[in-house]
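Chain and residue survey
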Amino acid sequence: TNSRLWEISRSLCCSLSSTSIFSFQVVSSLFDFIGIIMSTSTEFIDQGRFEDAMKAIRDDASSTNWLLAGHVDGSPNVVDLVGSGSGGPDELIGFLDEQEVQYGLVRLEEELDEVLTTKFVYIHWMGEGIGFAARGRFGVVVGSMQAVFEPYHLNMETSSLDELTEENILDALGQASGKKSKVLDAEAADSRQAHERSYTGSTPNRAANQQSKLTPQVSLQGAEVNVAADIEDILQEMRSSNSKTNCVALHYPDNDTKNGLE
């Protein structure tokens, strides 16, 4: 196996490099050879089973919301599906092994601007019991495994089970999408208003009302916007994880806001 070849080659280098007759060029050539035999590709034992689980988690109509893959018999290049299910991150955690490198995908729903959106989180699990040398051996296939799980919205590399609770994953998604900063800005605004009320004995709205005779007021509800019937269908398609549509542009015909958006 690759791991055994690595140990043999490393031992050979250490012993031979201590002799005066073993040249630097030979050592370099040997390490080049090691790099060649340490393949960066991976192969699934049951490719069809893994693909079925991946199709299920990508399907909004399916209850499957997590899957997990791992290495077989300690080989960096041989992997297989460990499990999948509908119990979310809490169920996935039960399949993680402290002695293994594993790869997972979780489907969650995040609310952004009062709209529920489907988000996928890729999990690169590095168990605490994995030794330094083993981390190096498995590290050469990180890129190929990431490609297998793409696309996703967030990449989490961790050895902590606490980071993989649904609450903490959603918190990480919020920070990545900017939702967290929006919430903090809103909380800061509420805090400033509370401070002004306690300091002046009146609400900020009262001061605003005193200026209403001088300042044009804008409706908080906004004006009604006419939208073409097919736009909603396009937006729904863009939100679907199975669609390749990733952008949409709208405009007012003739630059007249009285016309509906198209």
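Residues numbered from 1 in each chain as written. Predicted model: local features only at pLDDT ≥ 70, side-chain atom pairs only at ≥ 80, totals over all residues. Heavy atoms only, no water.

What follows is about the overall build of the protein chain. Secondary structure assignment for the protein chain yields ten helices and six strands. Across the 262 residues of the protein chain, 29% fall into the buried class. Contacts in the protein chain between residues far apart in sequence, at least 24 positions, make up 60% of those at least 6 positions apart. Total accessible area computed for the protein chain in this model is approximately 16,800 Å², and 51% of it derives from carbon and sulfur atoms. (Helix = DSSP H or I, 4+ residues; strand = E, 2+ residues; numbered from the N terminus. Buried < 20%, exposed > 50% of the residue type's maximum accessible area, 1.4 Å probe, protein only. Contact = heavy atoms within 4.5 Å. Areas by Shrake-Rupley, 256 points an atom, 1.4 Å probe, with all protein chains shown as cover.)

As a further point, take the confidence of the model for the protein chain. Averaged over all residues, the pLDDT of the protein chain is 77; the fraction at 70 or higher stands at 63%. Counting contacts from residues 206-220, a segment whose pLDDT is below 50, to residues more than four positions away or on other chains yields one contact. (pLDDT = per-residue confidence, 0-100.)

Below, the discussion takes up the packing of aromatic side chains. Counted under the stated rule, the structure contains five aromatic pairs. Their ring planes at 45° and their centres at 5.1 Å tell us that W66 and F95 sit as a pair that is tilted. In this pair, W66 sits in strand β2 (residues 66-71) while F95 sits in the loop between α4 (88-93) and β4 (101-112), placing the two residues 29 residues apart along the sequence. W66 gets classed as buried once you look at its relative accessible area, which sits at 0%. Ring centres of Y122 and F149 lie 5.2 Å apart, and the angle between their planes is 45°; this geometry places the pair in the tilted category. One end of the pair, Y122, is in strand β5 (residues 115-126); the other, F149, is in helix α6 (residues 142-149), and 27 residues separate them in sequence. Owing to a relative accessible area of 0%, F149 belongs among the buried residues under this scheme. Among the aromatic side chains, those forming a connected cluster through ring pairs are F44, F50, Y122, F149 and Y152. (Phe/Tyr/Trp six-rings, centres within 6.5 Å; stacked < 30°, edge-to-face > 60°.)

Take the sheet that holds β2 next. Pairing is mixed in the open sheet, where six strands are placed in the order β1-β3-β2-β4-β5-β6. Each end of this open sheet is capped by a strand with a single partner; those strands are β1 (43-44) and β6 (154-158). As paired strands, β2 and strand β3 (residues 78-85) are joined by six bridges and run antiparallel to one another. Across the sheet, residue H71 finds its bridge partner in β3, namely V79. (Pairing = 2+ DSSP bridges.)

Glancing now at the pattern of salt bridges. Overall, the coordinates contain one salt bridge when judged by the stated rule. In this structure, K119 and E110 form a salt bridge, with 2.8 Å as the shortest nitrogen-oxygen distance. With a relative accessible area of 3%, E110 lands in the buried category. (Salt bridge = Lys/Arg side-chain N within 4 Å of Asp/Glu carboxyl O.)

Turning our attention to unusual backbone geometry. Look at the link from E150 to P151: it is a cis peptide, with omega at 0°. Counting through the fold element by element, P151 comes out in the loop between α6 and β6. The phi dihedral of D73 is positive, around 55°, even though this residue is not glycine. For D73, the position within the fold is in the loop between β2 and β3.

Next up on the list: the side chain of D80. Mapped onto the elements of the fold, D80 is located in strand β3. One buried charged residue, D80, remains without a salt bridge, the closest side chain of opposite sign being R49 at 4.4 Å. At a separation of 3.4 Å, a polar atom in the side chain of D80 contacts the main-chain amide nitrogen of D46. Among all residues touching D80, those that are not within four sequence positions of it are F44, I45, D46, R49, A69, G70 and V72. (Lys, Arg positive; Asp, Glu negative; His and termini not counted. Polar contact = N/O pair within 3.5 Å; in protein donor to acceptor, adjacent residues only side chain to side chain.)

Here we come to a negative patch on the surface. A grouping of D230, E232, D233, E237 and E262 is seen on the molecular surface, where their side chains present a negatively charged patch. By the secondary structure assignment, E262 is in the segment after α10 (229-239). (Patch = residues over 30% accessible without salt bridge, like charges linked within 9 Å, V, L, I, M, F, W, Y side chains within 5 Å. Charge placed at Lys NZ, Arg CZ, Asp CG, Glu CD.)

With that settled, the discussion passes to the environment of E111. Checked against the element boundaries, E111 lands in strand β4. Each C-alpha atom, one on E111 and one on G174, is 9.3 Å from the other, the two residues being 63 residues apart in sequence.

We now examine the pairing of β3. Looking at chain direction, β1 and β3 are connected through two bridges and run parallel. Paired with F44 across the bridge in β3 is V79. Connecting the antiparallel pair β2 and β3 is a turn made up of six residues, with D73 showing a positive phi of about 55°.

So, about the nonpolar core. Judged by nonpolar contacts, the single largest core of 21 residues is most densely connected at F50, M54, L67, Y103, L105, M145 and F149. If you list the elements that add at least two residues to this core, you get α3 (47-58), β2, β3, β4, β5, α5 (132-139) and α6. Counting residues per element, this core draws most heavily on α3, which supplies four residues. Ignoring any residue separated from it by four or fewer positions in sequence, one finds F50 in contact with F44, L67, A69, L81, V148 and F149. Core analysis: the second largest hydrophobic core is formed by 15 residues, W66, M156, L164 and L173 among them. (Core = buried A, V, L, I, M, F, W, Y, C linked by side-chain atoms within 4.5 Å.)

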